[in-house]
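Each chain is listed here by its residues.
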Amino acid sequence: MPAIPAWPPESGVRLFVTTRLGEDAEVRIEGAQAHYLINVMRLREGGRLKLFDDATGEWLAEAVAVGKRDVLLRALGHLRAREDAPDLWLAAAPIRRARYDWVAEKACELGVARFVPVLTRRAVVDKVNAERLRAHMIEAAEQCGRTALPTIDAPVALDRWLASLDDRPLYFADEEGGAPFAQAIRPGPAAILIGPEGGFDPEERAAIRAHPSAVAISLGPRILRADTAAVAAVALWMALAI
């Protein structure tokens, strides 16, 4: 007697799609994603994989047609709803491209809800490629099991961002020192602010400290690189605040 297959069947392929998913919804995959499925993963008709759309959650899907350059998938069943991401914003000054891409990728893996490129005076980079950042976040979400993608804001000057900030706690990593982050963290919505490789200048630091929600924090006895500080701060908040 044949064994009853487990539900849902295990699948090593997990893919983000922009089409809103639902029962029996069909999604045509083209371009780089199709190349990956056809030539790398060797997907064939009847093959199964997982899809998520940043709206309805994660679905089991089946390949109903595999061509040379495209794949037609059909959603078979709902596996889980879209996750409720913790209300944490990471505001990070742009740094060199590869390192900023890495920050965006890890922010997605760790569960950040909003990613804000904040422009500061000492930053050596003043332009941000949001499409590239989103691509890195999508790849991270596909691999780590997230069903919600972080929102990516348009780059904004530090003073304008501070003026628009709500009353959520604003934890900023200040190389001049602050409260140990593990002691300063409070439950609830929050924002983490990380400066550029050269740090905040005196006027910026004074403006941040003057904000009614600002809390200067320390991430330890060493001066960390901007990308290290961003990931360390988010990891600490995720471990201690929720």
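Since we're looking at a predicted model, the values are computed, not measured. (Residues numbered from 1 in each chain as written. Predicted model: local features only at pLDDT ≥ 70, side-chain atom pairs only at ≥ 80, totals over all residues. Heavy atoms only, no water.)

A. Quick peek at the packing of aromatic side chains. Applying the stated criterion to the full structure yields four aromatic pairs. Here the basic side chain of Arg 14 rests over the ring of Phe 52, its NZ or CZ set 4.2 Å away from the ring centre. The positively charged end of Arg 114 is found above the aromatic ring belonging to Trp 89, 5.5 Å away from the centroid. (Phe/Tyr/Trp six-rings, centres within 6.5 Å; stacked < 30°, edge-to-face > 60°. Lys NZ or Arg CZ within 6 Å of the ring centre and 35° of its normal.)

B. Quick peek at unusual backbone geometry. The residue Arg 42 is not glycine, and still its phi comes out positive at about 55°. Structurally, Arg 42 can be placed in the loop between α1 (31-40) and β3 (48-52). Phi is positive for Asp 54, which is not a glycine, with a value near 65°. The residue Asp 54 is located in the loop between β3 and β4 (58-66) in this model. (Helix = DSSP H or I, 4+ residues; strand = E, 2+ residues; numbered from the N terminus.)

C. View of the pattern of salt bridges. Taken as a whole, this structure holds 21 salt bridges when the rule is applied. In this structure, the salt-bridge partner of Arg 48 is Glu 62, at a minimum N-O distance of 3.9 Å. Of this pair, Arg 48 sits in strand β3 while Glu 62 is found in strand β4, placing the two residues 14 residues apart along the sequence. The residue Arg 132 makes a salt bridge to Asp 101 at a minimum N-O spacing of 3.0 Å. Taken together, the residues span a long stretch of sequence, with Arg 132 in helix α3 (residues 130-144) and Asp 101 in helix α2 (residues 97-110) at a distance of 31 residues. Linked through salt bridges whose partners overlap, the residues forming this network are Asp 174, Glu 175, Glu 176, Arg 205 and Arg 209. (Salt bridge = Lys/Arg side-chain N within 4 Å of Asp/Glu carboxyl O.)

D. The arrangement of a nonpolar patch on the surface in detail. There is a patch of nonpolar side chains on the surface, built from Tyr 36, Val 40 and Met 41 and spanning about 240 Å² of accessible area. For Val 40, the location among the structural elements is in helix α1. (Patch = residues over 30% accessible without salt bridge, like charges linked within 9 Å, V, L, I, M, F, W, Y side chains within 5 Å. Areas by Shrake-Rupley, 256 points an atom, 1.4 Å probe, with all protein chains shown as cover.)

E. Structural view of the nonpolar core. Within the largest apolar cluster, 36 residues are counted, with the highest numbers of intra-cluster contacts made by Leu 90, Phe 115, Ile 192, Ile 194 and Trp 237. Counting only elements with at least two residues in this core, the list comes to β6 (88-92), α2, α3, β10 (170-173), α5 (181-184), β12 (190-194) and α7 (226-241). Looking at which element gives the most residues to this core, the answer is α7, with eight residues. If we ignore the near neighbours within four places in the chain, the residues touching Phe 115 are Leu 90, Tyr 100, Val 103, Ala 104, Ala 107, Leu 133, Met 137, Thr 151, Ile 152 and Asp 153. Listed in part, the 18 residues of the second largest apolar core include Ile 29, Leu 37, Leu 49 and Trp 59. (Core = buried A, V, L, I, M, F, W, Y, C linked by side-chain atoms within 4.5 Å. Buried < 20%, exposed > 50% of the residue type's maximum accessible area, 1.4 Å probe, protein only. Contact = heavy atoms within 4.5 Å.)

F. Inspection of α2 at higher detail. If you check α2, its first and last C-alpha atoms are 20 Å apart, about what 14 residues at 1.5 Å a residue would give, namely 20 Å. Among all positions in α2, only Tyr 100, Asp 101, Val 103, Ala 104, Lys 106, Ala 107 and Cys 108 are buried. Trailing α2 by a residue or two, Gly 111 shows a phi angle of about 105°, which is positive. (Expected span 1.5 Å × (residues − 1).)

G. Geometry of the state of the cysteines. By the definition in use, this model includes zero disulfides. Cysteine Cys 108 shares no disulfide, and the gap to the nearest cysteine sulfur, in Cys 144, comes to 5.4 Å. (Disulfide = S-S within 2.5 Å.)

H. Structural detail: the side chain of Thr 120. Take Thr 120: it is sitting in the loop between β7 (114-119) and α3. Owing to a relative accessible area of 11%, Thr 120 belongs among the buried residues under this scheme. In contact with Thr 120, not counting residues within four places along its chain, are Ala 93, Leu 158, Pro 196, Phe 200 and Glu 204.

I. Region of the structure containing the side chain of Arg 14. Along the chain, the position of Arg 14 falls in strand β1 (residues 14-16). At 2.5 Å, the side chain of Arg 14 forms a polar contact with the side chain of Glu 58. Among the polar contacts listed, one links the side chain of Arg 14 to the backbone oxygen of Gly 145, at a separation of 3.3 Å. Other than its neighbours up to four places away in sequence, Arg 14 contacts Lys 50, Phe 52, Glu 58, Arg 80, Ala 141, Glu 142, Gly 145, Arg 146 and Thr 147. (Polar contact = N/O pair within 3.5 Å; in protein donor to acceptor, adjacent residues only side chain to side chain.)

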